[in-house]
Every structure is written in C-alpha cells, then in structure tokens.
Amino acid sequence: VQLQASGGGLVQAGGSLRLSCAASGRTFSSYLMGWFRQAPGKEREFVAGISRSGGTTRYADSVKGRFTISRDNTKNTVYLQMNSLKPEDAAVYYCAGSLRSEFSVVVTERMYSFWGQGTLVTVSS
C-alpha cells in the first residue's frame, strides 16, 4: 500500500487541524493504521492507532481528549482530527499501516511496515 498524508499547516495554539492519509490499493481495510509524529531533535513517537474496522482506537496520553483518529474504508482514508492544539504538538506527522494480524491496534513503530511521507504541523503560541 502507498500512503499519502495531507492537511498539515500553520495554526494558532488552541486551534484545530484535520490530517488525512489516503491509501492506494483495494485492501485498505486489511491494514491497522496509525499516526506518528516527530518534532525537531526528537524521536518519532506514537500518536494514535485504529483497528481495521475503526471500532478500536488507542491514543498517546499527551493527545487523549484532544485528538481523534478515524477511518473511512470506503474512501481508503484515515483521519486525525486535532483540536486544542498546543505548541508542543508541532511536528511532522506520519501515517502508517500495519498488517500485523495478532493485534487490533498497534502502537509500536517497528510493527508498521508502510509509511506516508509526512505532513508538517506548526503551532504558533
């Protein structure tokens, strides 16, 4: 699968953005999907993950209650709705796909085999 992330941009603190990740191919519903982010000088970190059906989600503690991951398997797209953005949310955001069958949601980076190119989110204070 090929993944194309979009929707990043500049937003003021407290604002919102919605990221999208469009997948190619006809087997999108087979993939567990996730969002990760990497800020300058920091390691890439897990943000949110979603099961194949969309019925199960997981979030990093730092974004719980503010971010929502969702997917539309009819559109081969996964979304990340980001509300109440903080300056510390600024990063390059990556979507990722996993075919690991033993999990409903994957939070570990090394378990994802497919990665999008990243979209930059900048949050001004």
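All figures in this text were calculated on a predicted structure; none of them were measured in a lab.

Here's the deal with the overall build of the protein
At step 1: Across its full length, the protein holds zero helices and 11 strands.
At step 2: Reading the helices (α) and strands (β) of the protein from amino to carboxyl end gives β-β-β-β-β-β-β-β-β-β-β.
At step 3: The globule rule puts the C-alpha radius of gyration for 125 residues at 14 Å, and the 13 Å found for the protein is close to it.
At step 4: Dimensions of the protein, computed from C-alpha atoms along their principal axes, come out at roughly 40 × 25 × 25 Å.

Some words on the side chain of Thr119
At step 1: Among the secondary structure elements, Thr119 is positioned in strand β11 (residues 119-124).
At step 2: Residue Thr119 is classed as buried on the basis of its relative accessible area, which comes to 9%.
At step 3: Within the structure, the side chain of Thr119 is placed 3.0 Å from the backbone nitrogen of Gly8, a separation counted as a polar contact.
At step 4: Other than its neighbours up to four places away in sequence, Thr119 contacts Ala5, Ser6, Gly7, Gly8, Leu19, Ala91, Val92 and Tyr93.

Looking at the nonpolar core
At step 1: With 36 residues, the main nonpolar core has Trp35, Leu80, Met82 and Tyr93 as its most contacted residues.
At step 2: Counting residues per element, the ones that place at least two in this core are β1 (3-6), β3 (17-23), β4 (32-38), β5 (45-50), β7 (67-72), β8 (77-82), β9 (91-98) and β11.

With respect to the pattern of salt bridges
At step 1: All told, the structure shown has six salt bridges when counted by the stated rule.
At step 2: A salt bridge links Glu102 to Arg100, with the shortest nitrogen-to-oxygen separation between them at 2.6 Å.
At step 3: Overlapping salt bridges, with partners in common, bring together Arg37, Glu45, Arg66 and Asp89 in one network.

Looking at the sheet that holds β8
At step 1: Strand order in this open sheet of four strands is β1-β3-β8-β7, and the pairing throughout is antiparallel. Since the sheet does not close on itself, it has two edges, and those belong to β1 and β7, each with one partner. With strand direction ignored, the average angle separating the axes of adjacent strands in the sheet is 15 degrees.
At step 2: The sheet contact formed by β3 and β8 spans six bridges and is antiparallel. Note that in β8 the partner of Arg18 across the bridge is Gln81.

Some thoughts on the environment of Ser84
At step 1: Its location among the elements puts Ser84 in the loop between β8 and β9.
At step 2: The sequence separation of Ser84 and Thr56 amounts to 28 residues, and the corresponding C-alpha distance is 23 Å.
At step 3: If we ignore the near neighbours within four places in the chain, the residues touching Ser84 are Gly14, Gly15, Ser16, Arg66 and Asp89.

What about the packing of aromatic side chains?
At step 1: Summed over the entire model, instances satisfying the criterion amount to five aromatic pairs.
At step 2: Geometrically, the ring pair formed by Tyr31 and Phe114 is edge-to-face, given 5.4 Å between the ring centres and 85 degrees between the ring planes. In this pair, Tyr31 is assigned in the loop between β3 and β4 and Phe114 in strand β10 (residues 114-115), connecting sequence segments 83 residues apart.
At step 3: Chaining the aromatic ring pairs together yields one cluster made of Phe36, Phe46, Tyr112 and Trp115.
At step 4: Stacked on the ring of Tyr94, the Lys or Arg Arg44 has its end atom at 4.9 Å from the ring centre.
At step 5: One Lys or Arg, Arg71, reaches over the ring of Phe28 and ends 4.5 Å from the middle of that ring.

About the cut-offs
Residues numbered from 1 in each chain as written. Predicted model: local features only at pLDDT ≥ 70, side-chain atom pairs only at ≥ 80, totals over all residues. Heavy atoms only, no water. Helix = DSSP H or I, 4+ residues; strand = E, 2+ residues; numbered from the N terminus. Rg over C-alpha atoms; globule rule 2.2 N^0.38 Å. Buried < 20%, exposed > 50% of the residue type's maximum accessible area, 1.4 Å probe, protein only. Polar contact = N/O pair within 3.5 Å; in protein donor to acceptor, adjacent residues only side chain to side chain. Contact = heavy atoms within 4.5 Å. Core = buried A, V, L, I, M, F, W, Y, C linked by side-chain atoms within 4.5 Å. Salt bridge = Lys/Arg side-chain N within 4 Å of Asp/Glu carboxyl O. Pairing = 2+ DSSP bridges. Axes fitted to C-alpha atoms, helices over the stretch in contact; angles between N-to-C directions. Phe/Tyr/Trp six-rings, centres within 6.5 Å; stacked < 30°, edge-to-face > 60°. Lys NZ or Arg CZ within 6 Å of the ring centre and 35° of its normal.

Note that every value here comes from positions in space, so none of it alone points to a role or purpose.
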